[in-house]
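Coordinates in review
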Amino acid sequence: MIVLGIACYYHDSSACIMVDGKVLAAAEEERFTRKKHDFGFPFKAIEYCLKEAGITIKEVSYIGFYEKPLIKFERVLCQHLEMFPRSFPTFFKAIPSWINEKVRVRKTIRRKLGYMGDILFIDHHLAHAASSFLVSPFKEAAIFTIDGVGEWETATYGFASGNDITLKKEINFPHSLGLLYSTATAHLGFSVNNSEYKVMGMAPYGVPRYYNDFKKIIDIRDDGSFELDMSYFVYHYKERMPSKKYIALFGPIRRPESDVTQHHKDLAASLQKVTEEVVFKALNHIFREYKCENLCMAGGVALNSVANGKIMRNTPFKSIYIVPPAGDGGCSVGAAAYVYFTLMKNKRDKDSVLDSSYLGPGFSTEEVKKFLDKNKIKFSTFRSEDELIKATVKHIYENKVVGWFQGRMEFGPRALGSRSILSNPCNPKMQDILNLKVKHREKFRPFAPVVCIEDANKYFECDSPIPMPTDFMLMVYPIRKEFRPLIPAVTHVDGSGRLQTVRRYQNPKYYELIKEFGKLSGMPILINTSFNIRGEPIVCTPYDAYKCMMGTGIDCLVMDKFLIRREDNLRDAWDSEQFAKD
Amino acid sequence: MSYLANFFKGFVAGFKHFGQGITNIVNFILTLVIYIIGVGLTSIVAKAFGKHFLSLRKTNKKSAWSAKNSHPKPDDFYRQF
């Protein structure tokens, strides 16, 4: 049985194809269209999924869509009915796209994809829950989903066993922790639905001296439920998010690219504290209700890796699973899995566990060589994998910035060793070098370390056993004190690191590379940052990777078994600084 | 020849621009009418009867979790609502 999952029309459109219970391919639309967080119908991602499965749309048994469009439209209309006449500008802007596009999903699928089979519509938070539980290794688990907003729900919890998921309780719009976080993100001068992780990264620089002010805005109950004081927000009827009252409380909105002051850092710290309070209180309440030690989480707030890393120390849960694309992108997996396992009652087994995120497009050696030859790009060829690893490690050890393009692209917001930029974490200047040469990102943002799973506990204070989401860079843990001065480029100001752990079976070449670097440097850790410039999606094709390298200060690109040096090739007229956006 | 081609190119582009302007004005008027008559009247009547479409006010309930009402049957998933 073949099921196609689709998520689109809000942010991070994606598609996923599940064949006999195994996720065969999945990708975000942005990687193909090169529009960051592309929310359009994912034609290209679907085309890729079908190609990877070697089928046509006619062979798809079911399509699962990640929400109920008409219920969401009802919520949008309710916002306008409640806020009349102040909501006219948003009504004028948003309603045409609802009428022409968003409530016509079925028509789009029929006409533009040519699919005539069954289309099933899965509630948004149910799709989130399914994306986490049905591809997890657990037979039963407590479920917690929390994001900006789905149809009406902004947070839900429940219990799942076997193939069945029951969401028992919910918090509804406009009360939303995700939207509070987004409001603060907007107030701090960053882009909404994009830069929330920057606020999280800024938090350790501040002290939570606005915590009590935030508590005026959000009323947190003992069971982790909450209500917002809506006089501080205008997102329910305007395009911007904080109200005048919010600005009066926390000061003016920071202008993008202006200086980040201590005031901004303290706001970020206070917000993070409030977020963690909600998450831990809710999880403790959920545990009291279900007494199950397994936890599955999903939704945009589940991408808050700082909070995730503290869950096992602050709640009784013993194991956690979070799907790599925990935000809306992952809902295509959830929709497909819910149709296949829950509605069609197919059995879950070991093959259905999503323990790796390498689900995107890959390129054969022949395809890469053809690209290099066609574009007259100068390169050298490694004779063996051993030679490739040793040469790459040498470059990294010599403080070069290396583009690493190997195998299938990752599904989800993190680069996990297929489309990564790798460099030396032991060099105290490496953070500045990377920022100057490639990333152009804010100084306060740390880079992430990657370590083989066996070495993780030696260098980091991880939970034991190390939870699977650590493989997807979804957990932040403290770096052991004695090692902090040795890996300054990945040590955040509070001594933490957003590490990625690698298991050999997931990515043997990447694993060996890290081990080899350990042999040479005595420190089996690398800097792993996403292969892109600020404001662009992570690279997908050899062309994207080459263009990114040539337009930035990446010294060399290891693509399949080929080494391409920037200095050997003519620099294209591509100015990454010009294109670097928020 | 190229002068004529350029003239028609500019002419077509100008007309397209003009058409777009007209479309925007018509869209604005239609949306405004729908908003005032559809949304506005409903909103005023509903509010007169004390109906609220969003829970904007804080409650004093011990818990803000509410029970999920829907327990969908398999056939419900074929619907967009």
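Residues numbered from 1 in each chain as written. Chains lettered and ligands numbered in written order. Predicted model: local features only at pLDDT ≥ 70, side-chain atom pairs only at ≥ 80, totals over all residues. Heavy atoms only, no water.

1. Topic: the overall build of chain B
- Along chain B, the regular secondary structure elements total 1 helix and 1 strand.
- Taken against the 2.2 N^0.38 rule, which gives 12 Å for 81 residues, the C-alpha radius of gyration of chain B at 26 Å runs more than 25% over that of a compact globule.
- Dimensions of chain B, computed from C-alpha atoms along their principal axes, come out at roughly 80 × 40 × 25 Å.
- Looking at the 81 residues of chain B, the share that counts as buried comes to 17%.
- Summed over all atoms, the accessible surface of chain B reaches about 6,600 Å², with 69% contributed by carbon and sulfur. (Helix = DSSP H or I, 4+ residues; strand = E, 2+ residues; numbered from the N terminus. Rg over C-alpha atoms; globule rule 2.2 N^0.38 Å. Buried < 20%, exposed > 50% of the residue type's maximum accessible area, 1.4 Å probe, protein only. Areas by Shrake-Rupley, 256 points an atom, 1.4 Å probe, with all protein chains shown as cover.)

2. With respect to the sheet that holds strand β1 (residues 2-7) of chain A
All names here are of chain A.
- Strand order in the open sheet formed by 5 strands is β3-β2-β1-β4-β5, and the pairing between neighbours is mixed. Since the sheet does not close on itself, it has two edges, and those belong to β3 (22-28) and β5 (118-121), each with one partner. Mean inter-strand twist for the sheet, computed between neighbouring axes without regard to direction, equals 20°.
- As judged from the 4 bridges shared by strand β4 (residues 62-65) and β5, these two strands associate in the parallel manner. Following the sheet pairing, Y62 is matched in β5 by D118. (Pairing = 2+ DSSP bridges. Axes fitted to C-alpha atoms, helices over the stretch in contact; angles between N-to-C directions.)

3. Regarding the pattern of salt bridges
Residue and element names in this part refer to chain A.
- Evaluated as defined, the whole model comprises 32 salt bridges over all chains.
- Here K168 ties to E289 by a salt bridge, and the two come within 2.3 Å at their closest N and O atoms. You can see K168 sitting in strand β8 (residues 164-172) and its partner E289 sitting in helix α11 (residues 262-290), a full 121 residues away along the chain.
- The partly exposed category is assigned to K168, whose relative accessible area is 37%.
- Look at E289 and you get partly exposed, because its relative accessible area is 28%.
- A salt bridge links R383 to E387; the nearest nitrogen and oxygen atoms lie 3.4 Å apart.
- On the basis of relative accessible area, E387 is assigned to the partly exposed category, the value being 26%.
- Linked by salt bridges that have partners in common, K198, E257, E442, R445 and R534 make up one network. (Salt bridge = Lys/Arg side-chain N within 4 Å of Asp/Glu carboxyl O.)

4. Remarks on the side chain of A:Q506
Residues and elements named next belong to chain A.
- Topologically, Q506 is positioned in the loop between β19 (500-502) and α19 (508-521).
- Exposure remark for Q506: the relative accessible area of 12% places this residue in the buried category.
- Engagement of the side chain of Q506 in a polar contact is seen with the backbone oxygen of D355, the distance being 2.9 Å. (Polar contact = N/O pair within 3.5 Å; in protein donor to acceptor, adjacent residues only side chain to side chain.)

5. Description of a nonpolar patch on the surface
- Nonpolar side chains collect at one region of the surface, where B:Y3, B:L4, B:F7, B:F8, B:F11, B:V12, B:F15, B:F18, B:I22, B:V26, B:L30 and B:I34 lie side by side and expose about 1,300 Å² of accessible area between them.
- For B:L30, the position within the fold is in helix α1 (residues 2-48). (Patch = residues over 30% accessible without salt bridge, like charges linked within 9 Å, V, L, I, M, F, W, Y side chains within 5 Å.)

6. Quick look at the nonpolar core
All names here are of chain A.
- Counting 215 residues, the largest nonpolar core has I6, I63, I122, F144, I165, L180 and F214 as the members making the most contacts within it.
- With 12 residues, the single largest contributor to this core is α11.
- With residues up to four places along the chain from it excluded, the contact list for L180 reads F214, I217, I218, L228, F233, L271 and V274. (Core = buried A, V, L, I, M, F, W, Y, C linked by side-chain atoms within 4.5 Å. Contact = heavy atoms within 4.5 Å.)

7. With respect to a positive patch on the surface
- Positive charge collects at one region of the surface, where A:R86, A:K238, A:R240, A:K244 and B:K47 lie side by side.
- With respect to the helices and strands, the residue A:K244 is situated in helix α10 (residues 244-250). (Lys, Arg positive; Asp, Glu negative; His and termini not counted. Charge placed at Lys NZ, Arg CZ, Asp CG, Glu CD.)

8. Focus on the sheet that holds strand β16 (residues 448-452) of chain A
Residue and element names in this part refer to chain A.
- Here 8 strands make up an open sheet; going across it, the order is β13-β22-β21-β14-β15-β20-β16-β19 and the pairing mixed. A single partner strand is all that each edge strand has here, and the edge strands are β13 (380-381) and β19.
- Each of β21 (556-559) and β22 (562-565) is contacted by helix α15 (residues 365-374), which is oriented at about 30° to β22, the strand it contacts most.
- Strand contacts of helix α17 (residues 430-439): β15 (419-423) and β20 (525-530), with the helix running at about 140° to β15, the strand carrying the most contacts.

9. Side note on the packing of aromatic side chains
- The final tally for this structure, using the stated rule, is 34 aromatic pairs over all chains.
- A centroid spacing of 5.3 Å and a plane angle of 50° characterise the contact between A:Y338 and B:F77, whose relative ring orientation is tilted. Linking A:Y338 in helix α14 (residues 331-343) with B:F77 in the segment after β1 (66-67), this pair reaches from one chain into another. With respect to burial, A:Y338 and B:F77 carry one shared label: buried.
- Against the face of A:Y10 rests A:K72, its NZ or CZ located 4.5 Å from the ring centre.
- Above the plane of the ring of A:F173 lies A:R75, whose end atom (NZ or CZ) is 4.9 Å from the centre. (Phe/Tyr/Trp six-rings, centres within 6.5 Å; stacked < 30°, edge-to-face > 60°. Lys NZ or Arg CZ within 6 Å of the ring centre and 35° of its normal.)

10. Section: unusual backbone geometry
Residue and element names in this part refer to chain A.
- Here the amide bond leading from F84 into P85 is cis, since omega sits at 0°, within 30 degrees of zero.
- For P85, the location among the structural elements is in the loop between α3 (69-83) and α4 (88-100).
- That bond from S464 to P465 is cis: its omega, -5°, falls within 30 degrees of zero.
- Looking at the secondary structure, you find P465 in the loop between α18 (453-459) and β17 (477-478).
- With a phi close to 65°, R34 is a non-glycine residue in the positive phi region.
- Within the element layout of this structure, R34 appears in the loop between α1 (30-33) and α2 (43-53).

11. Re the interface of chain A and chain B
- Listed per partner, the contact involves 58 residues of chain A and 35 residues of chain B.
- Along the contact surface separating chain A from chain B lie 2 salt bridges.
- We note a salt bridge from A:E170 to B:K68, for which the minimum N-O separation is 3.0 Å.
- For the interface between chain A and chain B, the tally reads 25 residue pairs in polar contact (both at pLDDT 80 or more).
- Class assignment of the residues belonging to the side of chain A that touches chain B gives a composition of 32 nonpolar, 10 polar and 16 charged.
- The sheet contact formed by β8(A) and β1(B) spans 2 bridges and is antiparallel. (Nonpolar A, V, L, I, M, F, W, Y, C, P; charged D, E, K, R; others polar.)

12. Details of helix α7 (residues 177-187) of chain A
Residue and element names in this part refer to chain A.
- Counted residue by residue, α7 has 11 buried out of 11 residues, so it is predominantly covered.
- Where α7 is concerned, the buried positions are L177, G178, L179, L180, Y181, S182, T183, A184, T185, A186 and H187.
- Capping the start of α7, S176 holds a side-chain oxygen 3.3 Å from the backbone nitrogen of G178, two or three residues further along.
- The first or second residue beyond α7 is G189, which carries a positive phi of 85°.

13. Focus: the pairing of strand β14 (residues 402-405) of chain A
Residues and elements named next belong to chain A.
- Alternating residues of β14 divide into V402 and W404 and G403 and F405, and every residue in both groups is buried.
- Here 4 bridges tie β14 to β15, and the two strands are oriented antiparallel to one another. By the bridge assignment, G403 is partnered in β15 with I421.
- Pairing geometry for β14 and β21, over 4 bridges, is parallel. Each bridged residue has a counterpart across the sheet, and for V402 the counterpart in β21 is C556.

14. Points about the environment of A:G224
- Counting through the fold element by element, A:G224 comes out in the loop between β9 (218-220) and β10 (226-228).
- With a relative accessible area of 2%, A:G224 lands in the buried category.
- Sequence separation between A:G224 and A:D118 is 106 residues, and the spatial gap between their C-alpha atoms is 39 Å.
- Apart from residues lying up to four places away in sequence, A:G224 is in contact with A:V278, A:K281, A:A282 and B:W65.

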